[in-house]
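As a plain string of letters, each chain reads:
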Amino acid sequence: MRRDQEKVATEFMDQTETWPIEKLRRLRRRRLRALVRYAYANLPFYRRRYDEAGIAPESVKGPVDFARLPMVTKADIRRAREDSGSFLTGMESFPNGDLATIGMTSGTTGTDFLYCNRKWRQFQGGRLLRAYWWAGLRPGMRMMLTVPAWHCWAAEESYLAERFGVVGVVPWGTFLPRFAGNFVDAIRDLRPEFLSMFLPMLYAVQAECRRRGLALHEVFAGVRCVLVVGAPLTPASRQKLEADLGVDVYTGAGATEGLIAMECSEHRGYHLFVDTCYLEVVDPPTGALLPPGERGRLVLTAFNPHGTVYIRFDTGDLGRVVKAPCACGRTWPLIEVYDRLDNMFAAEGREFVPYDVRLCVDEIPELTGVPFSVIRSVPRVRADRASPTSPLWLAIQRPLSGNLRSLEDSLAAEIGRKLRVKAAIQWVEELPARWKGAPVIDEMEWKEIARG
Amino acid sequence: MTRGEAHDKARDVVTAGGGAPSGATRLARLRRLLRHASRRSPYFQASLGGLQVDSILDERDFASRVPLSDLEGLEAARAATGDPFSGRKCAPECRGQLVFQLESDGEVPLYVALGRSEAQSYARALGRCWRLLGLDKGDRVAIFDFGSSPLSYLASGAFLPYVSRGAADGLACIPVCNDGVSQMGQRAVEIARFVRPRAFFVRSDCMFPFIQEAERQGISLRDYIGAIVVAENEGLPSARSCRAWADALGLPVYRLLRVDAAMFLGIECPSCGLLHVDSGSYFVETVVPGRGRDADSDGGGRLAITNLFARLTPAIRYACPVLAGRIGPGCPLSPEDDRFRLV
Ligand SMILES: [Zn+2]
Ligand SMILES: [Zn+2]
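Since the model is a prediction, treat every value here as computed from it, not as a measurement. (Residues numbered from 1 in each chain as written. Chains lettered and ligands numbered in written order. Predicted model: local features only at pLDDT ≥ 70, side-chain atom pairs only at ≥ 80, totals over all residues. Heavy atoms only, no water.)

Novice: Account for the confidence of the model for chain B, with residues named and values stated.
Specialist: The predicted coordinates ought not to be read in detail in places where the model reports low pLDDT. All names here are of chain B. Looking at chain B, the pLDDT average stands at 90 and 90% of residues meet or exceed 70. Between residues 1–19, whose pLDDT stays under 50, and residues either more than four places distant or in other chains, the model counts 25 contacts. Taken together, the chains of this predicted complex give a pTM of 0.91 and an interface ipTM of 0.92. (pLDDT = per-residue confidence, 0-100. Contact = heavy atoms within 4.5 Å.)

Novice: Can you lay out the coordination of the zinc ion (ligand 1) for me, pointing to particular residues and giving the numbers?
Specialist: Reference values for coordination geometry: four tetrahedral donors around a metal ideally subtend 109.5 degrees, six octahedral donors ideally subtend 90 or 180 degrees. Residue and element names in this part refer to chain A. Around the zinc ion (ligand 1), the protein contributes the donor atoms Cys-264 (SG), His-271 (NE2), Cys-326 (SG) and Cys-328 (SG), at 2.1 to 2.2 Å from the metal centre. Its 4 donor atoms give the zinc ion (ligand 1) angles of 105 to 115 degrees at the centre, a pattern that matches the tetrahedral case. Look at where the donors of the zinc ion (ligand 1) fall in the sequence and you get C-x6-H-x54-C-x1-C. Here Cys-326 lies in the loop between strand E14 (313–321) and strand E15 (334–340) and His-271 lies in strand E10 (residues 270–272), a separation of 55 residues in the sequence. Both residues of the pair, His-271 and Cys-326, count as buried. (Donors = N, O, S within 2.8 Å, 3.2 Å for Na, K, Ca; no water. Tetrahedral: all angles 85-135°; square planar, octahedral: opposite > 155°, others 65-115°. Helix = DSSP H or I, 4+ residues; strand = E, 2+ residues; numbered from the N terminus. Buried < 20%, exposed > 50% of the residue type's maximum accessible area, 1.4 Å probe, protein only.)

Novice: Account for the coordination of the zinc ion (ligand 2), with residues named and values stated.
Specialist: Residue and element names in this part refer to chain B. Only Cys-269 (SG), Cys-272 (SG), His-276 (NE2) and Cys-331 (SG) from the protein coordinate the zinc ion (ligand 2), and they sit 2.1 to 2.3 Å from it. Coordination at the zinc ion (ligand 2) comes from 4 donor atoms whose angles at the metal span 102 to 119 degrees, giving a geometry best classed as tetrahedral. For the zinc ion (ligand 2), the single-chain donor residues occur in sequence as C-x2-C-x3-H-x54-C. The class for His-276 is buried, based on a relative accessible area of 3%.

Novice: Tell me about the packing of helix H8 (residues 180–190) of chain A against helix H9 (residues 199–211) of chain A, and please be specific about residues and values.
Specialist: A pair of packed helices can be characterised by two numbers: the angle between their axes and the separation between those axes. Residues and elements named next belong to chain A. Where H8 contacts H9, the two axes come as close as 9 Å, and the packing angle between them is 75 degrees. One element, H8, and the other, H9, form an angle in the roughly perpendicular class. Between H8, through Ala-180, Gly-181, Phe-183, Val-184 and Ile-187, and H9, the contact on the second element is made entirely by Met-201, Ala-204, Val-205, Glu-208 and Cys-209. Grouping the constituent residues of the contact of H8 with H9 by class yields 8 nonpolar, 1 polar and 1 charged. (Axes fitted to C-alpha atoms, helices over the stretch in contact; angles between N-to-C directions. Parallel < 35°, antiparallel > 145°, perpendicular 65-115°, else oblique. Nonpolar A, V, L, I, M, F, W, Y, C, P; charged D, E, K, R; others polar.)

Novice: Give a description of the pairing of strand E20 (residues 423–428) of chain A that names residues and reports values.
Specialist: Across a regular strand the side chains alternate sides, sitting on one face of the sheet and then on the other. Both strand E19 (residues 392–397) of chain A and E20(A) contribute to a ladder of 6 bridges, which runs parallel. Considered in E20(A), the bridge of A:Ile396 is made with A:Trp427. (Pairing = 2+ DSSP bridges.)

Set out below in structure tokens:
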């Protein structure tokens, strides 16, 4: 076992983590060039699009040329799927007789299929392994395996779990609050040392402990680290979670399409795994590249040449590259991922994402981490029709303690100070239970929910 | 070669050698299992206390002298001992790589633990069910169940650590899973339309939302799917429900029985219509509680499963509530399998 452990440990000391930035750039250029050439030669989906755009793969020499390649949206992929009548769209490297699974994305707007062969899994899992190492997973630990098999993440996680030689603990159910009881039982009964799950599920587990009158510190006594994904965690939320649970909490940003970005122990953003993917930040309406520090649409290119290949894929996420270097010494760029662009909403004529509200809510100690939904008076596609005077409408779960009147005043004041808009706050018993929570709900739907 | 691999190799010889293990071989395996369990598992130490394993003469003797176990018994043992494994797990030298929480409606969470080679054998049992359906290279197979269900996690070596060959890998099929919640009907229909699975395994409580969603979208599932297999843990939908589904969909509908506490998987055969049991992996009896074994079946009894590959969490004469009568081997599709007529 010891030699195995040493072998695994050396896999995390990736030397590129601290390479000089210029050297990383050269590596990135090489990878992008190779990927574009590979896609043009092998993947009909890309060849057609590049031909239509009149771009020869050889002309792509660096990020600026690369940014001229057409972006791939979910709608493009769906169209290709409808045309082919198959989950195969021509984006897949599809060797015959390959051992493979079909993974899916968890999007709210429909299903996307990914062809995940074993080489895809090895590439992706081998890199995610480092992210889990950063988060504190160590060889031989007991680890809760909760990612459902339909999600590509399961194929990656099972790969790294085996490489770590963990003892895998599988609770019954899926990431929905009604299974939180099973998760709590499994944590108490089997004492896993490492957990990874979506943030709303972790909150559901906490709520279940409270419902049963269990002390969180006792339930989590055997847990050393929790890796949460699926929603951005504010610094205050993370500190509160760590204090409540008595464990180290790390967050990662990932996407089925190949994004891996992970917090280091500085917790100042996610280091982009530059050996795995390349991220552009573009102006949402124009598609123009934005400089570091500015918020924009995240466009992902995954370097994994196996399975379904994503080049300039519009993730639909809003984020930015952090300008300052990280104190940990890694040169891999830091990024922040805030939310789905679809979750943007307008208040008093200005646009925000739920993360902006989260930062305000978490400033009030009694409300840190408390779930909320922004109720959007008009759907995102009609944001221009939003009334310029409509305030920020917030439905927030009633906290366990505190005077509601004064909490409401403090929260409205905080929102006024940080976002410079008025807030209409509504206390609710509970919010709709969804995989990744319900950060934004359109007014029509909210009324239906209220009617029950 | 590790011990686990050697064990797998030995099993390959048994299962690939054509035909079920002989009575003598199976008796030897049952004895070995009893010896192992009575020495190492506190639960079986208690229930098998004093049993002279070598004096068991044949399978009938096994049935009359070895007590039954069941879910209620495991729950009671969990309550009495506080042990999540109900004392069943062979401790402490058997460490195991995987622990599964069992599906249950009850308040008492129970678990099974498996080592690498056991997980592999379990996956092979699922693979045999797939093979009986005629699934073959390049076929796509869909599963509408939770990721925590053996139907899902044994489907591919990519879904579970330590399983190098899931059911799909042995047959070169390509699996796709859906989550087992009934709200996922829409996604199940999308899977049908774009993946066109030859077989669609569906939790029985997801059948209704699946069919309803297909109707809502005006999709005829038989244009996209070859067969549906409905599955449940320790239970089965009635033959009548299956016929109604088959008539409504114009598709063959088969039943698959999961007994997770005994790490059991068996499927209804497209050819003979009987429940097939891999006799290399399981020794299955029909029992009438209080009467021990129901001699050579006819009226039928509860299925009692002895798992021949599970070492870490043994399952010995585990009685599930499903009623069946024994028919015995002889199906041309898989002549070595034991067969049962579901009641
Ligand atoms: Zn850092
Ligand atoms: Zn048959």
